[in-house]
Amino acid sequence: MGWLGPAEIEALRLSLRVSFWATLVTLPFGIFVAYALARWRFPGRQLLNGLVHLPLILPPVVTGYLLLLTFGIQGPMGRLLGEFGIVVAFRWTGAALAAGIMAFPLMVRAIRLSIEAVDPKLEQAGATLGASRPFVFATVTLPMILPGVIAGSILAFAKAMGEFGATITFVSNIPGQTQTLPSAVYAFLQVPGGEGAATRLVVISIIIAMGALLLSEYVGRRAAARVSGS
């Protein structure tokens, strides 16, 4: 890291922190929503599916503005959280929230495809033996969808690392607080002589993104092989 300056190292460290927590916190919700969309039939299912994928369609700035209206200091959720001393607007936790929402559709889609590939008769067989639905999911479904869970998590992490529009709209671009890799690249490009630092961060971003994609493929294949017993 000797070729990176302090501001660049701080942006990289913050990006890794934001992406890690964005992925970790959203993973349980991603599994639940993916299972609901793949297995359940209920009123509003298509609406839920649309809401999950909405961040992929909306301009990221619009998503960030909606987050600001909802979780800002004057927003309904922001005021509610403020009563407990929790503030997410213009904090790294807000950056994690924005990144998690933007990455959520990729996670859900990967996990949902894995669930839909599992034969429902296998789950039904466990239920006929008297096992509860959570037990069947934990012992039958989850091990079989593990490749999708891993792939979805890695893709979500990579997406969170590259999130810019929603993040900068919701939490601004505060060095050491909310300035992630994309925000730092943008900031360096606004000052004379900042092209070198911006280029170094761009290279790091490309390496992380490609590494995440390759790791997703590799871990997914290994997990699939383990599940199939080969």
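Refer to the structure printed above.
Presented here is an overview of the structure given in this document. (Residues numbered from 1 in each chain as written. Predicted model: local features only at pLDDT ≥ 70, side-chain atom pairs only at ≥ 80, totals over all residues. Heavy atoms only, no water.)

Notes on the environment of glutamine 179
Line of reasoning, step 1. Positionally, glutamine 179 belongs in the loop between α9 (165–171) and α10 (181–189).
Line of reasoning, step 2. As a C-alpha pair, glutamine 179 and arginine 91 span 88 residues in sequence and 9.9 Å in three-dimensional space.
Line of reasoning, step 3. Setting aside anything within four residues of it in sequence, one finds glutamine 179 in contact with Ala11, Leu14, Asn173, Ile174, Ala184 and Ala187.
Line of reasoning, step 4. Among the polar contacts listed, one links the side chain of glutamine 179 to the side chain of asparagine 173, at a separation of 3.1 Å. (Helix = DSSP H or I, 4+ residues; strand = E, 2+ residues; numbered from the N terminus. Contact = heavy atoms within 4.5 Å. Polar contact = N/O pair within 3.5 Å; in protein donor to acceptor, adjacent residues only side chain to side chain.)

Brief notes about the layout of surface pockets
Line of reasoning, step 1. Computed from the structure, the largest pocket encloses a volume of approximately 410 Å³.
Line of reasoning, step 2. Lining the largest pocket are 19 residues, with Val25, Thr26, Ala96, Leu97 and Ile101 positioned closest to its centre.
Line of reasoning, step 3. Counting only elements with at least two residues in the lining of the largest pocket, the list comes to α1 (6–39), α2 (45–57) and α5 (92–116).
Line of reasoning, step 4. Broken down by element, the residue count for the lining of the largest pocket peaks at seven residues, all from α5.
Line of reasoning, step 5. Residues belonging to the lining of the largest pocket are distributed by class as follows: 16 nonpolar, three polar and no charged. (1 Å grid on protein atoms, 1.4 Å probe; cavity = no way out; pocket = protein on both sides within 12 Å on 5 of 7 lines; lining within 4 Å. Points joined across faces, edges and corners; volume = space filled by probe spheres on them. Nonpolar A, V, L, I, M, F, W, Y, C, P; charged D, E, K, R; others polar.)

Quick word on the packing of α5 against helix α8 (residues 146–162)
Line of reasoning, step 1. In the contact formed by α5 and α8, the axes pass within 8 Å of each other and the chain directions differ by 160°. On the basis of their axis angle, the class for α5 and α8 is roughly antiparallel. Note on packing geometry: the crossing formed by α5 with α8 is right-handed. Mapping the contact onto sequence places Ala99, Met102, Ala103, Leu106, Met107, Ala110, Ile111 and Ser114 in α5 and Gly148, Val149, Gly152, Ser153, Leu155, Ala156, Lys159 and Ala160 in α8.
Line of reasoning, step 2. In terms of residue class, the contact of α5 with α8 is built from 11 nonpolar, four polar and one charged. (Axes fitted to C-alpha atoms, helices over the stretch in contact; angles between N-to-C directions. Parallel < 35°, antiparallel > 145°, perpendicular 65-115°, else oblique. Left-handed = near helix turned anticlockwise from the far one by under 90°.)

Considerations on the packing of aromatic side chains
Given two aromatic rings, their pairing is described by the distance between the two centres and the angle made by the two planes.
Line of reasoning, step 1. Scanning all chains against the criterion turns up five aromatic pairs.
Line of reasoning, step 2. A ring pair is formed by tyrosine 35 and phenylalanine 137, whose centres lie 5.3 Å apart and whose planes are at 85°; its orientation type is edge-to-face. Remark: phenylalanine 137 occurs in helix α7 (residues 133–144) and tyrosine 35 occurs in helix α1; sequence separation between them is 102 residues.
Line of reasoning, step 3. Its relative accessible area of 14% is what places tyrosine 35 among the buried residues.
Line of reasoning, step 4. For the ring pair phenylalanine 164 and tyrosine 186, a centre distance of 5.6 Å and an interplane angle of 50° mean the geometry is tilted. Linking phenylalanine 164 in the loop between α8 and α9 with tyrosine 186 in helix α10, this pair joins segments that are 22 residues apart in sequence.
Line of reasoning, step 5. Every member of this aromatic cluster is reached through a ring pair, and the members are Phe32, Tyr35, Trp40 and Phe137.
Line of reasoning, step 6. One cation-aromatic arrangement involves arginine 17 over tryptophan 92; the distance from NZ or CZ to the ring centre is 3.9 Å. (Phe/Tyr/Trp six-rings, centres within 6.5 Å; stacked < 30°, edge-to-face > 60°. Buried < 20%, exposed > 50% of the residue type's maximum accessible area, 1.4 Å probe, protein only. Lys NZ or Arg CZ within 6 Å of the ring centre and 35° of its normal.)

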